[in-house]
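Notes for the structure review
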Amino acid sequence: MAGLSQAKPRSLLDIMNRRRLYGLLTTFFIVVQLIWIGTPIVMTVLWSLVNPDYPWSFPSMFPEKLSWAQWVYVFKYTNIIRALETSYAIAPCAVLLSFLLSLPTAYVLGRKKIPGKKFFMMIVLLPIIMPGMVVALFLSRVFQAFGLAQSFLGLVLAHTLMGLPYMIRVLTTSFEAIPQDIIDAAENLGANTFVKIRDIFLPMVRPGLLAGMVFAFTTSIEEFNLTFIIGTPTFETIPTILYSFLGYNFIRTNASVVALIMMIPNIVMLFAVERFLKSDYLSASLGKL
Amino acid sequence: MERKNVSAVHYLLLVPGVGFILLFIGSSIFLTVTQSVGLFSITGKSQFTLENWNIVFHEKESLDSILFSMKMGLLSSIGTLLFAFPVALFLRKGGSGKRFLASLIKIPLFIPALVAAFLIINLISFHGIINETLMALHIIKSPLRMLNDKFGWGVVAIQVWKNIPFVLLILSGSLASIRDDTVDAARNLGAGAFSILFRIYIPLAMPAILVSMILMFIKAFGDFAITSVAGPTYPPSIALRMRNTATMFQQWDKAAVLGVIIILTTLFVTWIYSRLAEFVTGGE
């Protein structure tokens, strides 16, 4: 009898209960996430709006008066604008360079059967696997020997290096996903290499390309180790300026402003490109070493 | 299938991407290794010597740093997994509100590590909101020291907060590829929720679990920035000690030894992963 009762189809009530449970769980997770991610961000916003004449200190839970004074101060008296310019000048250059470098490589890795493919896929991951500070310190020696240390070009090359793994891996996955039939059909109809690239490869890898570009861009914006060793003190990017506010001269209000400046464009970008960032890209490109 | 000269062209096409990475990473590793044994030295004369290795292994401070970094790597990878796996499992099946939940969870992925460090510092500082709340609820009498604490919990908290979405993305891709038929078949044969979790979901997601743990360990083990703003005053993480040795004390050869230790640990952990992955997937 026990076996029979197990095989019995679930009653309608069961299914409805189950659905309600899932709904409750979803709400629970959303509330937890809102607290988990919202609290730190709200606190930082509050800190960045503290009025310097009415200091926010223990035991008040909220600042007495809010003002933009901290924002004005940071923009007026620190190097933040120069750092913003440097950061947003390096990132597009690094993204473009890593795109140009990875296109032929990803094409071969994704579409051709070559001996040692696994080995090359592993090499590609080295910038992510190798500890950042070791690479930064000793790459700076190499850069010094070639006159690249403390130069804009050196920083672009360093940021390209960090973006390449994402770019190559994601593009390789996209190239792999193109059905051979389409390429055969195009060749049959007399398409030459140029037409194939323009009409098949580029349109079909575009979603992957966008995902790769987003990863390379955010990697460049938040890159710290290499910039810190190779670029300072000549070049300051937003991460290195934030580091100086968090380090020996810890000023919470200023750091809040800089943190928000760094964070807001990234979160805006997240929601702008959300649909390109399906989990399969990162998973497919980094899911195995 | 392909003619031989075509294959040569293929290797040539690999040069821009793979060559670029090999050139820069290779040259920096080469310099690290040679300088650690006294060759190509910047300070002093260049000759083969193991003296710096000897010094590092007899220094209590260096060993403390190595152990501390290993502890951080291990705790961060376990902590992130414990938080991310249940969520990934929950998000496997679609449902109302889950799309919103999924994009909400992804936010820290786009928050730079240093900013994440600062966000969490605000919460766990001496008069931060966590201490204030706990005091208001009369759970603790005096504020807890969570920032720059001796053990390094502050660092672990930051690593976990920042990296949950990263691990989640890797895990959910792998969980999504598990076919519903498999789960239904198990349920049909009388498997309960627990045996489905331990005999289907976890084994089938094992390669992804291992990869995410390895990447997390490497990240937290070689970390410089987060430990230097939120870590204990002593010991510094191994990357922090290496950088100070090199740029503050100008002992580049000794720093190179620490660098080699970091690289070797990283390679060792990656090697263990590949063996484990072979074991799990049956050598495929």
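Residues numbered from 1 in each chain as written. Chains lettered and ligands numbered in written order. Predicted model: local features only at pLDDT ≥ 70, side-chain atom pairs only at ≥ 80, totals over all residues. Heavy atoms only, no water.

Per the secondary structure count, chain A includes 14 helices and zero strands. Secondary structure of chain A in N-to-C order comes out as α-α-α-α-α-α-α-α-α-α-α-α-α-α. Taking all contacts inside chain A whose residues are at least 6 apart in sequence as the whole, residues at least 24 apart take part in 72%. Surface summary for chain A: the accessible area is close to 14,300 Å², and the carbon and sulfur share equals 67%. (Helix = DSSP H or I, 4+ residues; strand = E, 2+ residues; numbered from the N terminus. Contact = heavy atoms within 4.5 Å. Areas by Shrake-Rupley, 256 points an atom, 1.4 Å probe, with all protein chains shown as cover.)

If you tally the helices and strands in chain B, you get 13 helices and zero strands. Projected onto the principal axes, the alpha-carbon positions of chain B cover approximately 75 × 70 × 30 Å. Relative to its full complement of 284 residues, chain B shows a buried share of 55%. Across chain B, the fraction of contacts at a sequence separation of at least 24, relative to all contacts at a separation of at least 6, is 70%. Accessible surface, chain B as shown: approximately 13,300 Å² in total, 67% of it carbon and sulfur. The averaged location of the 14 negative side-chain charges in chain B is 5 Å from the averaged location of its 22 positive side-chain charges. (Buried < 20%, exposed > 50% of the residue type's maximum accessible area, 1.4 Å probe, protein only. Lys, Arg positive; Asp, Glu negative; His and termini not counted. Charge placed at Lys NZ, Arg CZ, Asp CG, Glu CD.)

Residue and element names in this part refer to chain B. Position of Lys219 among the secondary structure elements: in helix α10 (residues 206-221). Since its relative accessible area comes to 38%, Lys219 is described here as partly exposed. Sequence spacing of Lys219 and Ser76 is 143 residues, and the spatial spacing of their C-alpha atoms is 9.1 Å. If we ignore the near neighbours within four places in the chain, the residues touching Lys219 are Asn163 and Phe166. A polar contact is formed between the side chain of Lys219 and the side chain of Asn163, at a distance of 3.1 Å. (Polar contact = N/O pair within 3.5 Å; in protein donor to acceptor, adjacent residues only side chain to side chain.)

A few words on the interface of chain B and chain A. Facing 85 residues of chain B, the contacting portion of chain A comprises 83 residues. Where chain B abuts chain A, roughly 7,900 Å² becomes buried across the two surfaces, and 81% of that area is made up of carbon and sulfur atoms. Contact with chain A buries area across many residues of chain B, yet Ile21(B), Phe110(B) and Phe118(B) alone supply 10% of it, more than any other trio. Glu222(A) serves as the salt-bridge partner of Lys162(B), at 4.0 Å between the closest nitrogen and oxygen. The interface formed by chain B and chain A includes nine residue pairs in polar contact (both at pLDDT 80 or more). It is helix α1 (residues 4-36) of chain B that contributes the most residues to the side of chain B that touches chain A, 18 residues altogether. (Buried area = accessible area lost by both parts, 1.4 Å probe. Salt bridge = Lys/Arg side-chain N within 4 Å of Asp/Glu carboxyl O.)

Once that is clear, we can look at the packing of helix α13 (residues 252-272) of chain A against helix α5 (residues 113-124) of chain B. Contact pair α13(A) / α5(B): the axes reach a minimum separation of 10 Å and the direction vectors enclose 135°. Relative to α5(B), α13(A) is oriented oblique. At the point where α13(A) passes α5(B), the crossing takes the left-handed sense. Note on element contacts: α5(B) touches α13(A) through Val115(B), Phe118(B), Leu119(B), Ile121(B) and Asn122(B), opposite Arg252(A), Ala255(A), Ser256(A), Ala259(A), Met262(A) and Met263(A). Taken together, the residues of the contact of α13(A) with α5(B) break down into eight nonpolar, two polar and one charged. (Axes fitted to C-alpha atoms, helices over the stretch in contact; angles between N-to-C directions. Parallel < 35°, antiparallel > 145°, perpendicular 65-115°, else oblique. Left-handed = near helix turned anticlockwise from the far one by under 90°. Nonpolar A, V, L, I, M, F, W, Y, C, P; charged D, E, K, R; others polar.)

Per the stated rule, a full pass over the model turns up nine salt bridges over all chains. Salt-bridge contacts for Lys117(A) lead to Glu176(A); the nearest nitrogen and oxygen are separated by 3.1 Å. Here Glu176(A) lies in helix α8 (residues 152-176) and Lys117(A) lies in helix α5 (residues 117-124), a separation of 59 residues in the sequence. In this structure Lys117(A) comes out as partly exposed when scored by relative accessible area, which is 26%. Looking at Glu176(A), the relative accessible area reads 42%, which means it is partly exposed. We note a salt bridge from Lys254(B) to Glu59(B), for which the minimum N-O separation is 3.0 Å.

This part covers α10(B). Note: α-helices contain 3.6 residues per turn, so residues at a spacing of three or four share the same orientation. All names here are of chain B. The end-to-end C-alpha distance of α10, which contains 16 residues, comes to 22 Å, matching closely the 22 Å that a straight helix rising 1.5 Å per residue would cover. Of all the 16 residues making up α10, 12 are buried; the element is thus mostly covered by neighbouring parts of the structure. Those residues of α10 not exposed but buried are Ala208, Ile209, Leu210, Val211, Ser212, Ile214, Leu215, Met216, Phe217, Ile218, Ala220 and Phe221. (Expected span 1.5 Å × (residues − 1).)

Let's shift gears to the packing of aromatic side chains. Enumeration over the complete set of coordinates arrives at 27 aromatic pairs over all chains. Here Phe224(A) and Phe228(A) contribute two aromatic rings whose centre-to-centre distance is 4.9 Å and whose plane-to-plane angle is 20°, an arrangement assigned as stacked. Judged by relative accessible area, Phe228(A) falls into the buried class, the value being 13%. Three or more aromatic residues link up through ring pairs in this structure, and these residues are Tyr22(A), Phe28(A), Phe29(A) and Phe90(B). Lying across the ring of Trp47(A), Arg252(A) places its NZ or CZ 5.1 Å from the centre. (Phe/Tyr/Trp six-rings, centres within 6.5 Å; stacked < 30°, edge-to-face > 60°. Lys NZ or Arg CZ within 6 Å of the ring centre and 35° of its normal.)

The subject of this paragraph is the domain arrangement of chain A. All names here are of chain A. If you check the domain split of chain A, you get domain 1 (11-69) and domain 2 (79-285). Taking the mean C-alpha position of each, domain 1 and domain 2 sit 32 Å from one another. Considering only the surface of domain 1 that becomes buried against domain 2, Thr44, Trp47 and Ser48 emerge as the three largest contributors, covering 72% of it. Our enumeration of links across domain 1 and domain 2 arrives at zero salt bridges. For the pair domain 1 and domain 2, the number of links is zero residue pairs in polar contact (both at pLDDT 80 or more). Its residues assigned to classes, the side of domain 1 that touches domain 2 comprises four nonpolar, two polar and no charged. (Domains from an automatic or database assignment.)

For soluble globular proteins, the rule of thumb is that nonpolar side chains tend to be buried together. Formed by 178 residues in total, the largest nonpolar core has its most connected members in Ile111(B), Leu171(B) and Phe224(B). The element that contributes the greatest number of residues to this core is helix α7 (residues 153-176) of chain B, accounting for 13 residues. The two domains that each donate at least three residues to this core are domain 1 (11-69) and domain 2 (79-285) of chain A. With sequence-adjacent residues up to four places away left out, Phe224(B) is seen in contact with Met133(A), Phe224(A), Asn225(A), Phe228(A), Tyr243(A), Ala239(B), Leu240(B) and Arg243(B). (Core = buried A, V, L, I, M, F, W, Y, C linked by side-chain atoms within 4.5 Å.)

This part is about the packing of helix α8 (residues 180-188) of chain B against helix α9 (residues 193-204) of chain B. Residue and element names in this part refer to chain B. Their axes nearest at 11 Å, the elements α8 and α9 cross at an angle of 150°. Here α8 and α9 pass one another in a crossing that is right-handed. Two secondary-structure elements touch here, α8 through Thr182, Val183, Ala186 and Arg187 and α9 through Ile196, Ile200 and Tyr201. The residue inventory of the contact of α8 with α9, partitioned by class, reads five nonpolar, one polar and one charged.

All names here are of chain B. Residues Phe268, Trp271, Ile272, Leu276, Phe279 and Val280 make up a contiguous nonpolar surface patch of about 620 Å² in total accessible area. If you trace the backbone, Leu276 turns up in helix α13 (residues 252-281). Among the residues examined, Leu276 registers a relative accessible area of 38% and is labelled partly exposed. (Patch = residues over 30% accessible without salt bridge, like charges linked within 9 Å, V, L, I, M, F, W, Y side chains within 5 Å.)

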